[in-house]
Amino acid sequence: MTIQSVDFVALLPALIVAGGALLVLVADLFLARGPIVPGVLAVLVSLGGLAVLPGTSGRETLCIGEYCTYSVREITLSFQGITLVATATVALVSIVVVKDLAIPAGEHFFLILCSATGALVVPATTDFVSLVIALELVSLPTFALIGLHSGDRRAGEAALKAFLFSVTSVAVSLYGIALLYGSIGAEVQGTMSYRAIFVATSQVDPTPVAVAGLVLLLAVIGFKISAIPFQAWAPDSYEGAPIPVAAYLSVVSKVAGFGALVFVAVSFQPWSQVWTPVVALAAAVTMVVANAAALRQRGAVRLLAWSSIAQAGYVMVPLAAFASGANVGPNLIAVVGYLAAYTAMNLGAFAVVAVVARDRPRARIADFTGLAWRSPWLGISLAFFLACLAGLPPGVIGLLVKVQVIAVPIASGAWWLAAAMAVGTVIGLYYYLSWAALLFQRPVRGEIEGLTRPGGGAIKIAVAAMLAVTVTISVVPTLAMGLLENV
Amino acid sequence: MSGWCGAALPILLLLPLGGALLLLVAGRRVERVAVRFGVAVQSIGLVTALVLLAGFDTDRSDVMQFRVDYRWVPQLDLSVSLGVDGISLPLVVLTSLLGLLTMVYTLRYPPAAGHPRAFVGLLLLLQTGMLGTFVALDLILFFLLFEVVLAPMWFLIAYWGQGERRTAANVFILYTVLGSVVMLMGFLYVWSVTGTTDMVILAQLHGAGLSSSAQLLAVILIGVGLAVKAPMWPLHSWLPDAHTAAPTVGSVLLAGVLLKMGTYGMVRIALPTLPDGAITVAPYLGALAVIGILYGAWASYAQTDLKRLIAFSSVGHMGFVLLGIASLDSVGVNGALFGNIAHGLITGLLFFVVGGIKERTQTTDLAQLPRGLYQRAPRLGFVFGFACIASLGLPGLAGFWGEFLALVGAYSPTVSDRYLFRALMVLAAFGMVLTAAYFLRVLRRVGQGEPDPLPMRDLTETEAASWMPLAGLILVLGLLPGLLLNLTNPAVERVLSDSANTVDVRS
């Protein structure tokens, strides 16, 4: 049993990003210290990974006998594409923020690219061992990323919180995998690959031990996507972290988590009656409670944190509607479509918050009063992103992906889940709209000044790029909603 | 079908949308010309609508014309599928007309809170949503356009309104969104069962493939969403506050067009697609409609604010429309559609006139309004009187026919509960009397009495220009109701044709 050959082409996107991470570190050592070189490098590396993505389609590598540990499927390509676009955007925003906050630039971009490498591997793995390792590769650099901001006392606390939550949930999930292996190890003949598990679980009924293992496994994923009850770290960590890192956590880290959840869902589809109630319940509670919690937030980042928890609840809905023996294609298309749209609109919102936070470091919601008067394009962009997140026209894409998601439980008869989503959406509308309304409020005299800090061009490029993406997919929604079919 | 036929509806929808985007992009330098630009856009829009009217084949008014079909989002089966028939065409023309008149009115009375560019942009966006709802032939597209009107109307109320405007705007949007999400669930349920979202195909299927229980579930879900918009008692409570807080043009469009989106949806979607479900819920709808009529009249009588009074009277008038729909009878449904148009014209005019009175007196409080309008401003008083009389349903004016036909429809409903509907008819007729009572009280309070010595500006030219078309149409449709009924009747027959068969099979 030897590894015969490695198909480097299949690994190319991940290799480029990983290599980029090293390059950033080297460049930081030998070239002038500053965020421009490593930042631009990180952007280029991400876009380079994106460019080679199509060439990897259908390739498999790191094979042991029949099973390959790394295989590039449609879902891999769409998740990797989303990850790379998000990483490039986060890097753009970082260029400015890193300089403002005097964060060590080389380390910052190195860690981001390391974590992104993990996020690229997650959707390509085919077995549980690599999945857990890849997920850890996503998480570990983020604790450092949160904590790198030494000027802020909250940063250390935020990093510690994320770390403790993560470590606990990883321990729990490893225990879960052990239990699962113990109960179906004979059937899968040693390889915990998703195909083997699918075959095995089609043949045997779940034992109580296996059920316990499966539920524990879902815990680590719950942490990654910050679904309730594993959300507690997110608002504090987002708030303590530099804003681009919060944006990264809310998108890349979350997308990686959904890659893992899709993996579990597909592997254990034959046992879906066991785990879908758990996911459905978590999704329903997440949608309602997180939206309700977001109502009370006064800080922009905290509000976006709760909003991203709620949005993750929506993405869980199609997965919660899995049924054994059913064609789950539409469910996965809905998941990918929502994640693609969410990435653009959420990163856009974070980017605008990053601009405002340069002048108002606390970035309270009240600090956005009259933004549309002070700098019309920023204000209108943010209003559009919020409309998308709320699912209210003119945010067409936000509405359509919500329709796509809610159609799944309705088709399968899970009315209570659809109802929970409806309630969550209506609550969500209120806080997104209140925020958007504030942007257009005529500021009181004396409040009009602000946003005087020069520079920040890189963030504005990021805002413009995300605006262009959201508008484009609002006009041609298939680009996002059919991403999984069209790659 | 020649080339321009396919382009007419896209032009109608994209014109205001493009105008709104242009205003957004143009920046502050166009602030001064924004309203004139809006008038120009809406004029072209109205001309397009009139061309549509002229090119419409009235002999085939039961067939969808000017069809457009573009597959937009295959994942949702969502097509940009557009068309007009005898049911939607009058509403399209009404919407285009009110769109232009509100813009002309804005020319003379610019929004008090300023920012005409944003104001006009929102009105144009609103126009796209309103027109789109009436010409959409795809369930998901209908829902999307149904939602498009919310954000602009929210901003109109919240930023250019008065009094408790923010609360009123929030209640309006949250209430309506809650309703439309429920409606969406109904649409998606129909889609999941039948596999299509095409309203024409669904109407042809006429419930085939949908079991009675499925139809009942779907009709309740869809009906709730539409009933919030209509509004049907007891889901009306957002309306009075929104009307009171909204600026004049907002009130005009809210009453004149937005409410119709709900009743139009019932006729367009619920009746042909879910005939069995409609039969089951019809008695309940009828009962609630009549409660709405009586409640609206009774509440109007108790109001001390003129705008609020008209808002409550809308609940009553829309009750007649709902009663006509609930009768499932061709006369009743024709009456409902007639009532839709008539209420749009009359209440639009009423809100215009009340807005004009408010411009002059700074109040709409009945107790504070100076008396003797007839003497102080005879022409303004005449228009006000005309609108009130039309609203109370005087024969010879448009308001009469919709309510009369709804009552006739309720006398011979196409459902089994004939006695219930006759009882409802009697109660609704009593509601008509109550309506007359409170409007006459208003007329006496505002129009007559010892005139206030202060001078008052009479009807201005802009007011005359933006109100006379409405008054004229109220008179024309009142004298020649056949103009409209000939257009709607074949389409209504088609909507109901097979549901009548369904009943025959059952009985």
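Here is a short report on the structure shown in this document. Along every chain, residues carry numbers that run from 1 in the direction the sequence is written. Written order decides the labels, with chains lettered from A and ligands numbered from 1. Reporting in this predicted model follows two pLDDT cut-offs: at least 70 for local features of residues, and 80 or more for side-chain atom pairs to be given and counted; totals over whole chains, interfaces and linings ignore these cut-offs and use all residues. Here the side-chain values reflect all heavy atoms present in the structure, with hydrogen atoms and water set aside.

Brief notes about the overall build of chain A
Piece 1. Numbering of helices and strands starts at the N terminus; helices are DSSP runs of H or I of at least 4 residues and strands are runs of E of at least 2. What chain A contains, in helices and strands, is 20 helices and 2 strands.
Piece 2. For this measure, only C-alpha atoms enter the radius of gyration; the expected value for a globule follows 2.2 Å times N^0.38, where N is the number of residues. On C-alpha atoms alone, chain A measures out to a radius of gyration of 21 Å, which is about the 23 Å that the 2.2 N^0.38 rule sets for 487 residues.
Piece 3. Principal axes of the C-alpha set define a box for chain A whose edges measure 70 × 55 × 40 Å.
Piece 4. Burial classes follow relative accessibility: with a 1.4 Å probe on protein chains only, a residue under 20% of its type's maximum area counts as buried, one over 50% as exposed, and anything between as partly exposed. Expressed as a percentage of the 487 residues in chain A, the buried residues total 64%.
Piece 5. Whether two residues touch is decided by their heavy atoms; if any such pair falls within 4.5 Å, the residues are in contact. Within chain A, contacts between residues at least 6 apart in sequence are counted, and of these 81% link residues at least 24 apart.
Piece 6. Summed over all atoms, the accessible surface of chain A reaches about 16700 Å², with 68% contributed by carbon and sulfur. With residues, only the protein chains shown are counted as cover, and all accessible areas are computed by Shrake-Rupley using a 1.4 Å probe.

Considering the pattern of salt bridges
Any two side chains of opposite charge can pair, given that their charged atoms come close.
Piece 1. Any Lys or Arg side-chain nitrogen located within 4 Å of an Asp or Glu carboxyl oxygen qualifies as a salt bridge. By the definition in use, this model includes 18 salt bridges over all chains.
Piece 2. We note a salt bridge from Arg360 of chain A to Asp367 of chain A, for which the minimum N-O separation is 3.6 Å.
Piece 3. A salt bridge links Asp62 of chain B to Arg494 of chain B, with the nearest nitrogen and oxygen atoms 3.6 Å apart. Residue Asp62 of chain B is found in the loop between α2 (34-55) and β1 (65-73), and its partner Arg494 of chain B is found in helix α20 (residues 482-506); the two are separated by 432 residues along the sequence.
Piece 4. Residue classification places Asp62 of chain B among the partly exposed residues on the basis of a relative accessible area of 23%.
Piece 5. Judged by relative accessible area, Arg494 of chain B falls into the partly exposed class, the value being 44%.
Piece 6. One network of salt bridges, with partners in common, ties together Glu157, Lys161, Asp236, Glu239 and Arg302 of chain A.

Regarding unusual backbone geometry
Piece 1. A cis amide bond links Ile228 of chain A to the next residue, Pro229 of chain A, at an omega of 15 degrees.
Piece 2. Here Pro229 of chain A is to be found in the loop between α8 (208-224) and α9 (233-240).
Piece 3. Following Ala230 of chain B, the chain continues to Pro231 of chain B via a peptide bond in cis, the omega torsion being -10 degrees.
Piece 4. Along the chain, Pro231 of chain B falls in the loop between α9 (212-229) and α10 (238-245).
Piece 5. Notably, Ser226 of chain A is not glycine yet its phi reads approximately 45 degrees, a positive angle.
Piece 6. Looking at the element boundaries, Ser226 of chain A is found in the loop between α8 and α9.
Piece 7. You can call Ser226 of chain A buried: its relative accessible area is 0%.
Piece 8. Even without being glycine, His206 of chain B reaches a positive phi, approximately 50 degrees.
Piece 9. Considering the arrangement of structural elements, one finds His206 of chain B in the loop between α8 (199-205) and α9.

Focus on the interface of chain A and chain B
By convention, interface size is frequently given as the accessible area that disappears when the constituent parts associate.
Piece 1. With 36 residues of chain A at the interface, the matching set in chain B holds 34 residues.
Piece 2. Two parts placed together each lose some accessible area; with a 1.4 Å probe, that loss summed over both constitutes the buried area. In total, chain A and chain B occlude about 3000 Å² of area from one another, counting both sides; carbon and sulfur atoms represent 81% of this.
Piece 3. Polar contacts here mean pairs of N or O atoms no more than 3.5 Å apart (in protein, one a potential hydrogen donor and the other a potential acceptor; neighbouring residues in sequence count only if both atoms are side-chain atoms). Seen at the junction of chain A and chain B, the total is 6 residue pairs in polar contact (both at pLDDT 80 or more).
Piece 4. Ranked by residue count, the leading element in the side of chain A that touches chain B is helix α17 (residues 415-439) of chain A, at 10 residues.
Piece 5. Note that Gly is not counted as nonpolar here; it falls among the polar residues with everything else outside the nonpolar set of Ala, Val, Leu, Ile, Met, Phe, Trp, Tyr, Cys and Pro and the charged set of Asp, Glu, Lys and Arg. When the residues that make up the side of chain A that touches chain B are grouped by side-chain class, the tally is 29 nonpolar, 5 polar and 2 charged.

Quick word on the pairing of strand β1 (residues 60-64) of chain A
Residues and elements named next belong to chain A.
Piece 1. At least two DSSP bridges between two strands are needed for those strands to be called paired. Judged from the 4 bridges that link them, β1 and strand β2 (residues 67-71) form a sheet pairing that is antiparallel. Paired with Cys63 across the bridge in β2 is Cys68.
Piece 2. With antiparallel pairing between neighbouring strands as the criterion, β1 and β2 make up a hairpin whose turn holds 2 residues, including Gly65 at a positive phi of roughly 60 degrees.

Let's talk about the side chain of Arg360 of chain B
Residue and element names in this part refer to chain B.
Piece 1. Locating Arg360 in the fold gives a position in helix α14 (residues 330-361).
Piece 2. A distance of 2.6 Å separates a polar atom in the side chain of Arg360 from the backbone oxygen of Arg457.
Piece 3. Apart from the residues lying within four places of it in its own chain, the contact partners of Arg360 are Tyr109, Leu380, Met456, Arg457, Asp458, Leu459, Thr460 and Glu463.

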